[in-house]
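Residue strings, one per chain:
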Amino acid sequence: LGEYDSAETAFHHTIDRRPGFWEGHFYLGYVEYIRGRYQATANAWRAASACAPERGRIYANLGAVYHALDRREKAREMMRRAIEVSDGTDYVALSNLATLYFEDALYAEAAATYLKAIEANDGDYQLWGGLAWSYASGVEPKNATEPFQRAAELAEQQLETTPDDPFLLANLAGYHGMLGNDERGLELIERAVLVGPEDPKVMAAIGETFEDLGDRDRALEWIGRALYGGAPPARFETHPSLRDLVADPRYQQLVTETESVRGPVPS
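So, here is what we can say about the structure in this document.

**Some details on the overall build of the chain**
- What the chain contains, in helices and strands, is 16 helices and 0 strands.
- Compactness check: the chain gives a C-alpha radius of gyration of 19 Å against a globular reference of 18 Å for 267 residues, within 12% of the reference.
- When its C-alpha atoms are laid out on the principal axes, the chain stretches across 60 × 40 × 35 Å.
- Counting all 267 residues of the chain, 45% fall into the buried class.
- Long-range contacts, defined here as pairs at least 24 residues apart, represent 50% of the contacts in the chain between residues at least 6 apart.
- When the accessible surface of the chain is summed, it comes to about 13200 Å², and 49% of that surface belongs to carbon and sulfur atoms.
- Considering the chain, the positive charge centre built from 26 side chains and the negative charge centre built from 43 side chains are found 6 Å apart.

Take a look at the structure:
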């Protein structure tokens, strides 16, 4: 209902009555996360993990919030712990760890970790897309085509169920762009634009896809929107396919213009 103050109060009452009950800390962390209080989120989820050290989901969430805090080594540590607790079956934690490797330009490690995630769940288009991008970024470019095709196939199937998902549309457009299917890619990205996405992550995905499809002006337009919405420049500056865009003076101007809007990393 969006009544975050009431929710926060209720969870604090829960914790006061049963401080060892992990769910009180866990859901308090969610409220803090929604409000952008990432350090408070980390504190709550650390308390939850102390109450229930066997629950990998908590470590996976901790890894995500440490990522948001740009504490990358701590994020990797938590993702590895989540994977360990799940005996290697937590494909979400594996995917998140692979993403961290990718952002640090550790493409071989990213590819290997995405492959482990696919072993746990071979029906997630984002895992195949992550593997494809890891290959395409320099590890094994010649082997990227097959996973891009599989990612596109699975995403097309999901599109039948959720035809208005802008993140799905943008990602699928990017896969088609990498496969040389520019006409289908442009059709999909225009549909993503028409949906009117408000999430900075979706805006970023749209901008990245426009760059993959060769439209620098519209790529900068959407990446600018993402930056104004709070997306960190590191998202774009670590992506191999955006090297030319990042070197464009117009991108540097956008980073400067949006600095005051984004503010510092929460602490």
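**Let's talk about helix H6 (residues 91–103)**
- The terminal C-alpha atoms of H6 lie 18 Å apart, and with 13 residues this matches the ideal 18 Å at 1.5 Å per residue to within 8%.
- Every buried residue belonging to H6 is among Ala-93, Leu-94, Ser-95, Leu-97, Ala-98, Leu-100, Tyr-101 and Phe-102, and all of these are buried.
- As for H6, its buried residues are in contact with helix H4 (56–68), helix H5 (72–85), helix H7 (107–120) and helix H8 (125–139).
- Its side-chain oxygen at 3.2 Å from the backbone nitrogen of Val-92, Asp-90 defines the N-terminal cap of H6.
- Phi for Ala-105, located one or two positions after H6, is positive at around 65°.

**Focus: the environment of Ala-60**
- Looking at the element boundaries, Ala-60 is found in helix H4.
- Separated by 114 residues in the primary sequence, Ala-60 and Gly-174 have C-alpha atoms spaced 27 Å apart.
- Those residues in contact with Ala-60, other than ones at most four positions away along the chain, are Met-79, Ala-82, Asp-90 and Ala-93.

**Some points on the environment of Glu-257**
- Its place among the elements puts Glu-257 in helix H16 (residues 249–262).
- The partly exposed category is assigned to Glu-257, whose relative accessible area is 37%.
- As a C-alpha pair, Glu-257 and Leu-227 span 30 residues in sequence and 9.2 Å in three-dimensional space.

**Here we look at the nonpolar core**
- Core analysis: the biggest nonpolar cluster contains 75 residues, and Tyr-175, Ile-189, Ile-206, Phe-236 and Tyr-251 have the highest contact counts within it.
- When near neighbours in sequence (up to four residues on either side) are disregarded, Ile-206 contacts Ala-170, Ile-189, Ala-192, Val-193, Pro-197 and Trp-222.

**Points about helix H12 (residues 200–212)**
- Across its 13 residues, H12 extends 18 Å between first and last C-alpha, which sits within 8% of the 18 Å expected from 1.5 Å per residue.
- In terms of residue burial, H12 counts as a mostly covered element, since 10 of its 13 residues are buried.
- Within H12, burial applies to Val-202, Met-203, Ala-204, Ala-205, Ile-206, Gly-207, Glu-208, Thr-209, Phe-210 and Glu-211.
- Against the buried residues of H12 lie helix H10 (166–178), helix H11 (182–195), helix H13 (216–228), helix H14 (234–237) and helix H15 (243–246).
- The N-cap residue of H12 is Asp-199: its side-chain oxygen and the backbone nitrogen of Lys-201 are 2.8 Å apart.
- Of the residues trailing H12, Gly-214 is marked for its positive phi of about 90°.

So, how was this worked out
- Residues numbered from 1 in each chain as written.
- Predicted model: local features only at pLDDT ≥ 70, side-chain atom pairs only at ≥ 80, totals over all residues.
- Heavy atoms only, no water.
- Helix = DSSP H or I, 4+ residues; strand = E, 2+ residues; numbered from the N terminus.
- Rg over C-alpha atoms; globule rule 2.2 N^0.38 Å.
- Buried < 20%, exposed > 50% of the residue type's maximum accessible area, 1.4 Å probe, protein only.
- Contact = heavy atoms within 4.5 Å.
- Areas by Shrake-Rupley, 256 points an atom, 1.4 Å probe, with all protein chains shown as cover.
- Lys, Arg positive; Asp, Glu negative; His and termini not counted.
- Charge placed at Lys NZ, Arg CZ, Asp CG, Glu CD.
- Expected span 1.5 Å × (residues − 1).
- Polar contact = N/O pair within 3.5 Å; in protein donor to acceptor, adjacent residues only side chain to side chain.
- Core = buried A, V, L, I, M, F, W, Y, C linked by side-chain atoms within 4.5 Å.

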